[in-house]
Amino acid sequence: MFAKFHSIGAYAPSNVLSNADLEKMVDTSDEWILKRTGIRERRIANSDEVTSDMGAIASKIAIKRAKLEPQDIDLIVCATVTPDYFNMPSTACIIADKLGVRDVQAFDISAACSGFVYGLSVAKAFIESGMKKHVLVIGAEKFSSIVDYRDRTTCILFGDGAGACVISATEDRSEAIIDVNASADGSYADFLVTPAPGSVNPLTQKVLDEGLNFVKMRGNETFKLAVKTLTKDVRDILKKNGINSSDIDHFIPHQANYRIIKAVGDALKMTERQVVLTIQKYGNTSAASIPMAINDIYEAGRLKRGELMLLDTFGGGLTWASAILPFGGD
Ligand code: ACO
């Protein structure tokens, strides 16, 4: 049995936070943000719009496009670092409820920006082992809930949103996910961290006073490591599978920083036509970034059945992941 990428769906909140808006909040400029990151604006969820709401909307679209009913899904995996609740229940369980599915295996994955591709590796393994037939993989983030809008080094980067896909069993090897590589190196854990709440820093007034509930990033060091790690990771997965970068129809990198995407794309000799960019309009939506980007080219009519996608991502943990797969939808 093989696993195919069957359908895609996504959701972006309607509120736009532009660089001009951020100029009024912190000491920054549209010019600096655009030049250093490629971001023009990002979407921010309403206060009553939570991670599972966005994930459920994206999921419904993906399930419909796969011509399935929610009850056909037998595993729900939600990648997020901004879950509805930090301990329990998992956001996947809440999304299952919002889809009206009452008896299904559901759990979250915590791998920051790499979460969606980690989810693909889980879906692939469950399907190839014969344990599941239709797996819903979601990347959903309300990143604005952990961003300190007084910290100019992070608040300019992140946005909210969700993407989801259905991975289905198939006997046709030609439409199968070719390979997924997912990895981590915890010795860099302090490069990107939300210090609280957790067992290290349970929630106290002191934690709130010190802003430990907000994301902290060693941006420049993360940047350099991202370029190095991603270039190697993508070269390795292409070589392992005997595929040239020119065979790739759509190179869909995690949308963290245009300069990272450009450096990796150039190292792989990717053309502008191959590289998918959404960073200018959504910023970094963490686990949602890759499925939102896939949905973007799908809705623009640029993603056709059988076309080859190369995914690559890097995030907190530190984690990284890549995947090569044909689009198996209509
Ligand atoms: N506006 C104006 N100036 C700023 C801003 C801002 N928003 N932010 C920082 N600066 C200043 C700094 O204070 C510094 O000033 P100094 O030289 O006087 O000290 C200067 O700009 C340069 O700062 P750097 O941090 O060196 O800037 P850099 O070019 O590295 O860009 C950025 C920063 C955009 C954060 C970049 O490092 C980056 O994109 N890092 C990687 C992010 C990433 O890939 N994360 C992983 C995925 S995210 C996840 O997993 C959740």
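Residues numbered from 1 in each chain as written. Predicted model: local features only at pLDDT ≥ 70, side-chain atom pairs only at ≥ 80, totals over all residues. Heavy atoms only, no water.

A. Fine view of the side chain of serine 245. Mapped onto the elements, serine 245 comes out in the loop between α8 (219–240) and β11 (250–253). Residue serine 245 is classed as buried on the basis of its relative accessible area, which comes to 17%. Among the polar contacts made by the side chain of serine 245, one reaches the main-chain carbonyl oxygen of leucine 268 at a distance of 2.8 Å. The residues touching serine 245, leaving out its near neighbours within four places in the chain, are Leu238, Leu268, Met270 and Gln274. (Helix = DSSP H or I, 4+ residues; strand = E, 2+ residues; numbered from the N terminus. Buried < 20%, exposed > 50% of the residue type's maximum accessible area, 1.4 Å probe, protein only. Polar contact = N/O pair within 3.5 Å; in protein donor to acceptor, adjacent residues only side chain to side chain. Contact = heavy atoms within 4.5 Å.)

B. View of the side chain of lysine 132. By the element assignment, lysine 132 lies in the loop between α5 (115–128) and β6 (134–142). One buried charged side chain, lysine 132, makes no salt bridge at all; its nearest oppositely charged neighbour is aspartate 74, positioned 5.7 Å away. Those residues in contact with lysine 132 that lie beyond four places of it in its chain are Asp74, Leu75, Gln105, Phe126 and Ile127. (Lys, Arg positive; Asp, Glu negative; His and termini not counted. Salt bridge = Lys/Arg side-chain N within 4 Å of Asp/Glu carboxyl O.)

C. Molecular detail of the nonpolar core. Formed by 37 residues in total, the largest nonpolar core has its most connected members in Phe5, Ile167, Ile252, Ile294, Met309 and Leu311. Looking at this core element by element, the count peaks at 8 residues for α5. Every residue in contact with methionine 309, bar those within four places of it in the chain, is listed here: Phe5, His250, Ile252, Ile294, Leu303, Ala323, Ile324, Leu325, Pro326 and Phe327. (Core = buried A, V, L, I, M, F, W, Y, C linked by side-chain atoms within 4.5 Å.)

D. The pairing of β6, seen in detail. For β6, the tally of buried residues reaches 9 of 9 residues, placing the bulk of the element in the interior. Covered by surrounding structure in β6 are His134, Leu136, Ile138, Ala140 and Lys142 together with Val135, Val137, Gly139 and Glu141, the residues of both alternating faces. Taken together, the 5 bridges between strand β4 (residues 75–79) and β6 define a ladder with parallel strand orientation. Residue pairing across strands places alanine 79 opposite glycine 139, the latter belonging to β6. Direction of pairing for β6 relative to strand β7 (residues 160–170): antiparallel, over a ladder of 9 bridges. Bridge assignment links leucine 136 to a residue of β7, and that residue is valine 166. (Pairing = 2+ DSSP bridges.)

E. Region of interest: α8. Under the 1.5 Å per step criterion, the end-to-end length of α8 is 31 Å for 22 residues, consistent within 8% with the ideal 32 Å. As for α8, its buried residues are in contact with β8 (179–184), β9 (192–193), β10 (216–217), α9 (258–267), β12 (308–315) and β13 (319–326). Looking at the residues trailing α8, positive phi occurs at glycine 242, about 60°. (Expected span 1.5 Å × (residues − 1).)

F. Here's a closer look at the site of the ligand. Among the 28 residues in the neighbourhood of the ligand, the closest are listed as Thr28, Arg36, Cys113, Asn220 and Asn257. The side chain of asparagine 257 places a nitrogen or oxygen atom 2.7 Å from an oxygen atom of the ligand. In isolation the ligand offers 1000 Å² of accessible surface; the protein chains occlude 75% of this area. Secondary structure elements with two or more residues in the shell around the ligand: α2 (30–37), α6 (152–155), α8, α9 and β12. Among the elements that make up the shell around the ligand, the one with the highest residue count is α8 (4 residues). (Near = heavy atom within 4 Å. Areas by Shrake-Rupley, 256 points an atom, 1.4 Å probe, with all protein chains shown as cover.)

G. Looking closely at helix α11 (residues 289–299). With respect to burial, α11 is a largely interior element, 9 of its 11 residues being buried. All of the buried residues in α11 are Ser289, Ile290, Pro291, Met292, Ala293, Ile294, Asn295, Ile297 and Tyr298.

H. Region of interest: the sheet that holds β7. Here 5 strands make up an open sheet; going across it, the order is β1-β7-β6-β4-β5 and the pairing mixed. This sheet does not close on itself; its edge strands, each paired only once, are β1 (2–11) and β5 (105–109). Across the sheet, the axes of successive neighbouring strands diverge by a mean angle of 20°, strand direction being ignored. The strands that α5 touches are β1, β4, β5, β6 and β7; relative to β6, the one it contacts most, it runs at about 165°. Against the sheet, α11 engages β1 and β7, with an angle of about 85° to β1. (Axes fitted to C-alpha atoms, helices over the stretch in contact; angles between N-to-C directions.)

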